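Fold and geometry: a report
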Amino acid sequence: MYEMLKQEKAVVVFSGGQDSTTCLFWALQQFQEVETVTFHYGQRHELEIECAAAIAKELGVKHTVLDMSLLGQLTPNALTRNDIEITHEEGGLPSTFVDGRNLLFLSFAAVMAKQVGARHIVTGVCETDFSGYPDCRDVFVKSLNVTINLAMDHEFVIHTPLMWIDKAETWKLADDLGAFEFVREKTLTCYNGVMGDGCGECPACKLRKAGLDKYLAEREGAEN
Ligand SMILES: [Zn+2]
């Protein structure tokens, strides 16, 4: 990255999970000043928000929580409603899918970023473990970048450090940033609200564990 950017400020879209926490460490290395924003949009997220707040506090970055509970009103799904089970049918969209979620989050993050004098927005979206979310695709992020720049007459740059890497490589990135233990112990990815390595049963835990095991095997292989 250009040295100049190190003088600038970034807003990280932050959920307290593995991906966005890795992005936060990445941003702290890239930019002079970093803030975080978390979106609150359902009952399942109370613990996630506490976790995000605790991480932000520990790393000494400002943390803003924006109320997006209207998402549950628009599209009832497993993340916004406790009475819908989390499932993922082969080839279909998971029941955690919320239409336009990332479109809305990034747009609100951009409004906030301009307010706080930041032009960089960092998000942990990823096309590699393609989960079926169309607004997590690279082409969408690039398109939205143009749109928000036109909408707010501001030169935003949306950064997606995880876009082309898989879960194992995301662990490697955290390790390269000196944050492997921190991310492993202090983040919350589990749908059942179990910190760190999680419940081990839900789809989020299985995905996280598969990546972790793969990375640990590679790391061990490299050491020997
Ligand atoms: Zn779990």
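Throughout this document, residue positions are counted from 1 along each chain, in the order its sequence is written. Reporting in this predicted model follows two pLDDT cut-offs: at least 70 for local features of residues, and 80 or more for side-chain atom pairs to be given and counted; totals over whole chains, interfaces and linings ignore these cut-offs and use all residues.

Turning to the overall build of the chain, a few remarks are in order. Numbered from the N terminus, helices here are DSSP runs of H or I no shorter than four residues, and strands are runs of E no shorter than two. Secondary structure summary: the chain contains eight helices and five strands in total. Listing the helices and strands of the chain from first to last along the sequence gives β-α-β-α-β-α-α-β-α-β-α-α-α. Residue burial is a threshold on neighbouring C-beta atoms within 10 Å of the residue's own C-beta, all placed from the backbone, with 20 or more meaning buried, 12 or fewer meaning exposed, and counts in between meaning partly exposed. When burial is assessed residue by residue, the chain has 37% of its 224 residues classed as buried. It is the C-beta atoms, placed from the backbone, that decide contacts: two residues are in contact if theirs lie within 7 Å. Within the chain, counting contacts between residues at least 6 apart in sequence, those at least 24 apart form 67% of the total.

With their axes 7 Å apart at the nearest point, helix α6 (residues 167-176) and helix α8 (residues 203-223) run at an angle of 65 degrees to one another. Pair α6 / α8 crosses with right-handed handedness. Of the residues in α8, those touching α6 at Lys167, Ala168, Thr170, Trp171 and Lys172 are Leu207, Arg208, Ala210, Gly211, Leu212, Lys214, Tyr215 and Glu218. A class-by-class count of the residues in the contact of α6 with α8 yields six nonpolar, two polar and five charged. In this analysis, axes come from line fits to C-alpha atoms, helices being fitted only over the stretch in contact, and the angle between any two N-to-C directions falls in the range 0 to 180 degrees. Working rule for handedness: look at the near helix, and if it is turned counterclockwise from the far one by less than a right angle, call the crossing left-handed; if clockwise, right-handed. Classes in brief: Ala, Val, Leu, Ile, Met, Phe, Trp, Tyr, Cys and Pro nonpolar; Asp, Glu, Lys and Arg charged; the others, Gly included, polar.

Below, the discussion takes up α8. The span one expects for a helix is its residue count, reduced by one, times 1.5 Å. Look at α8: 30 Å from first C-alpha to last across 21 residues, which is about the 30 Å you get at 1.5 Å a residue. The inward-facing, buried residues of α8 abut α1 (18-30) and α6.

To continue, consider the sheet that holds strand β3 (residues 62-67). Strand order in this open sheet of five strands is β3-β2-β1-β4-β5, and the pairing throughout is parallel. At either end of the open sheet lies a strand with only one pairing partner, and these are β3 and β5 (157-159). Across the sheet, the axes of successive neighbouring strands diverge by a mean angle of 25 degrees, strand direction being ignored. The sheet strands contacting helix α4 (residues 101-115) are β1 (9-13), β2 (33-40), β3, β4 (120-122) and β5, and the helix crosses β1 at an angle near 150 degrees. When DSSP finds two or more bridges between a pair of strands, those strands are recorded as paired.

Turning to the UniProt feature "binding site: Zn(2+)" (unreviewed entry) in the chain, a few remarks are in order. Mapped onto the present numbering, the UniProt feature "binding site: Zn(2+)" (unreviewed entry) falls at Cys190, Cys199, Cys202 and Cys205. What stands out for the annotated residues spanning 16 residues is how close their C-alpha atoms remain, the widest pair being 6.9 Å apart. Structurally, Cys190 is set in the loop between α7 (180-186) and α8. We classify Cys190 as buried; it has 22 C-beta atoms within 10 Å. In this structure Cys190 touches Gly198, Cys199, Cys202, Ala204 and Cys205, once residues within four positions along its chain are discounted. Judged by the 18 C-beta atoms lying within 10 Å of it, Cys202 is partly exposed. UniProt positions are given in the numbering used here, feature names are shortened, and annotations may be inferred rather than shown by experiment.

With that settled, the discussion passes to the nonpolar core. Linking buried Ala, Val, Leu, Ile, Met, Phe, Trp, Tyr and Cys residues through C-beta atoms within 7 Å yields a set, and such a set is a nonpolar core. Ala10, Val12, Val13, Ala27, Ala109 and Ile121 are the most contacted members of the largest nonpolar core, which has 50 residues in total. With residues near it in sequence (within four places) discarded, Val13 still touches Ser20, Val37, Phe105, Leu106, Ala109, Ile121, Val122 and Thr123.

Moving on to the UniProt feature "binding site: ATP" (unreviewed entry) in the chain. Here the UniProt-annotated "binding site: ATP" (unreviewed entry) positions come out as Phe14, Ser15, Gly16, Gly17, Gln18, Asp19, Ser20, Thr21, Thr22, Cys23 and Leu24. Topologically, Ser15 is positioned in the loop between β1 and α1. Not counting the four nearest positions on each side in its chain, Ser15 is found in contact with Ser20, Thr38, Glu48 and Ala52. Its place among the elements puts Asp19 in helix α1.

Let's shift gears to unusual backbone geometry. Even without a glycine there, the phi angle at Asp153 is positive, about 50 degrees. Secondary-structure assignment places Asp153 in the loop between α5 (138-152) and β5. Note on Asp153: 8 C-beta atoms within 10 Å, which makes it exposed.

Before going further, it helps to spend a moment on the pairing of β2. In terms of burial, β2 is a largely internal element, six of the eight residues being buried. The parallel pair β1 and β2, bridged by α1, forms a crossover whose chirality is right-handed. Crossover handedness is defined by viewing with both strands directed away from the observer: a clockwise path from the first strand over the helix to the second marks the crossover as right-handed.

For the rest of this paragraph, the subject is helix α2 (residues 46-59). Taking 1.5 Å of rise per residue, 14 residues should cover 20 Å, and α2 covers 20 Å from first to last C-alpha, within 8% of that figure. Taken residue by residue, α2 has Glu48, Cys51, Ala52, Ile55 and Ala56 as its buried positions. The buried side chains of α2 occupy one side of the element, clustering within an arc of 130 degrees when seen end-on. Among the exposed residues of α2, those oriented more than 90 degrees off its buried face are Glu46, Lys57 and Glu58. Structurally, α2 contributes buried residues whose contacts are with α1, β2, β3 and α7. Of all possible arcs, the one meant is that of the directions from the helix axis to the C-beta atoms.

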